[in-house]
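Coordinate inspection notes
If you want the building blocks of each chain, they are given just below.
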Amino acid sequence: MKALRTFTVRARLPEPLAPLEALAMNLRWSWDERTRDLFRWVDPDRWDTTSHDPVRLLGLVSRERLEALAGDASFLEFLGEVHDDLRRYLEAPSWFQQREAGPLRAVAYFSPEFGIAEAVPQYSGGLGVLAGDHLKSAGGLGLPLVGVGLMYRQGYFRQRLSAEGWQEEMYPNLDPHAMALTPVDGARVTVDLAGTPLVAAVWRADVGRTRLYLLDADVDENGPDERAVTDRLYGGGPEHRIRQEILLGIGGVRALDAVGEATQVFHTNEGHAGFLGLERIRRLITGDGLSFAEAIEAARAGTIFTTHTPVPAGIDRFPRDLMERYFGSWSAECGMDLDELMALGHFPDEAADAPFNMAVMGLRLASRSNGVSKLHGGVSRRMFHPLWADADVEEVPIGSVT
């Protein structure tokens, strides 16, 4: 029996309304009130029922309504003003371009989630909201920053009550073609998952001036287990998590190459993306002939790490056997034994068979580190003081965003 396939059909807009598509596909509408007013004018009721998603809205508006708007002089005038405003925003010299030239040219911000708008449900809480706000702020300032994350096909779960009164979860499948996302043609990345290749496609979201790239494992080249790697944010057990984090970190570095984004600085938002450091170390050893110690120092020079977790129990930690299964080939290629790799994720004097701590690795491989709030910065300095045991707690080099 052949599998059923679904197809997304986008509305064909009358020519005078063509700018609506450009406005819908740039997520600047999520914080620009005039653009939101424009889409609310298109159909106020559907604007609310689509949870303020312009792409879904345009797919549901009737042909009669579109034709009426195409003949409405007031609407077309407002549409022209809003569209011109977007073009000016994208084309005008930014703060960064007008400042005195410096060495900074490109930053990649890696995060497991980005909270930009409800229409792109790829976030869970504060970590994602902070990441989304960074992209929006970077766009406003014109900073040369791109985001790297994963495309979760099941987004949020929806709740219902059973006849017995118990909560039940349903996970709707998201169609990226029906979202403010554009496939990057020809961009494919491959990572090794314990001997099995995983292929991922790349989607791009435009967040004002900032580009966000999302890796998607739900492609025909993969088997069922590999396609499920990007099913849900923070879903599954340790093995599912390590597979996701390999794709985010290692696959994310390779995705930047695939889409032509040269990167000087890598910012890791929490430990979930920390394996990007191992990919950069591998390249420095195998491509540039550096020793392991030299590669760590070279990679560290261009890395920033943000920790979010205020309690040790919230940090991803992977058992040694799982690390050996997924990084044994990495160790062999880099000419080092597993104990050297495990030490990157251990506090001093921790046993060689202790779980690999992603936050510890993030701090070890970063030239600068920070918590979130001022209070959290203090908590983090106390939590990770053993990494700088010779320093006073107040001198531990972990700052804060706010």
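Coordinates for the structure precede this section.
Note that the structure is predicted; figures quoted are calculated from it, not measured.

Cut-off values and rules
- Residues numbered from 1 in each chain as written.
- Predicted model: local features only at pLDDT ≥ 70, side-chain atom pairs only at ≥ 80, totals over all residues.
- Heavy atoms only, no water.
- Helix = DSSP H or I, 4+ residues; strand = E, 2+ residues; numbered from the N terminus.
- Buried < 20%, exposed > 50% of the residue type's maximum accessible area, 1.4 Å probe, protein only.
- Contact = heavy atoms within 4.5 Å.
- Areas by Shrake-Rupley, 256 points an atom, 1.4 Å probe, with all protein chains shown as cover.
- Lys, Arg positive; Asp, Glu negative; His and termini not counted.
- Charge placed at Lys NZ, Arg CZ, Asp CG, Glu CD.
- Pairing = 2+ DSSP bridges.
- Axes fitted to C-alpha atoms, helices over the stretch in contact; angles between N-to-C directions.
- Phe/Tyr/Trp six-rings, centres within 6.5 Å; stacked < 30°, edge-to-face > 60°.
- Lys NZ or Arg CZ within 6 Å of the ring centre and 35° of its normal.

**A few points about the overall build of the protein**
When its secondary structure is counted, the protein shows 16 helices and 13 strands. For the protein, the spread of C-alpha atoms along the principal axes amounts to about 75 × 65 × 45 Å. Within the protein, the fraction of its 402 residues that count as buried is 50%. The contacts in the protein between residues at least 6 apart in sequence include a share of 64% that link residues at least 24 apart. With an accessible surface of roughly 19200 Å², the protein has 51% of that area assigned to carbon and sulfur atoms. For the protein, the distance from the average site of its 41 positive side-chain charges to the average site of its 58 negative ones is 4 Å.

**Quick word on the sheet that holds strand β7 (residues 210-216)**
Taken together, 9 strands build an open sheet; the order of strands is β5-β6-β7-β2-β1-β8-β9-β12-β13 and the sheet is mixed. Each end of this open sheet is capped by a strand with a single partner; those strands are β5 (182-193) and β13 (398-400). The average undirected angle you get between the axes of adjacent strands in this sheet is 25°. For strand β2 (residues 145-150) and β7, the ladder comprises 5 bridges, and the chain directions are parallel. Bridging across to β7, Val-148 finds its partner in Tyr-213.

**Quick word on the pairing of strand β1 (residues 107-110)**
Side chains Val-107 and Tyr-109 project from β1 onto one buried face, and the interleaved Ala-108 and Phe-110 project onto a second face that is buried too. Here β1 pairs with β2 via 4 bridges, running parallel. From the neighbouring strand, Val-107 faces β2, where its bridge partner is Leu-145. One ladder, built from 4 bridges, connects β1 with strand β8 (residues 265-269); its direction is parallel. In the strand pairing of β8, Val-107 is matched with Val-265.

**Looking at the environment of Gly-378**
Relative to the helices and strands, Gly-378 resides in helix α16 (residues 374-383). Residue classification places Gly-378 among the buried positions, given a relative accessible area of 13%. Residues Gly-378 and Pro-310, 68 residues apart in the sequence, show an inter-C-alpha distance of 9.8 Å.

**Some remarks on the packing of aromatic side chains**
Going through the model one piece at a time under the given rule, you end up with 9 aromatic pairs. Ring plane angle 40° and centroid distance 6.1 Å describe the contact between Phe-110 and Phe-266, whose orientation is recorded as tilted. Taken together, the positions of Phe-110 in strand β1 and Phe-266 in strand β8 put the pair 156 residues apart, joining distant regions of the chain. Between Phe-275 and Phe-327, the aromatic rings sit 4.7 Å apart at their centres with planes inclined by 45°, giving tilted as the arrangement. In this pair, Phe-275 is assigned in the loop between β8 and α11 (276-288) and Phe-327 in helix α13 (residues 320-334), connecting sequence segments 52 residues apart. In textbook terms, an aromatic cluster arises when at least three aromatic residues are bridged by ring pairs, as seen for Trp-41, Phe-75 and Phe-78. A cation over an aromatic ring shows up here: Arg-28 above the ring of Tyr-89, its NZ or CZ 4.5 Å from the ring centre.

**Considerations on the side chain of Arg-282**
Relative to the helices and strands, Arg-282 resides in helix α11. What makes Arg-282 buried here is its relative accessible area of 15%.

So, to be careful, I would describe these as geometric facts and stop short of saying anything about function.
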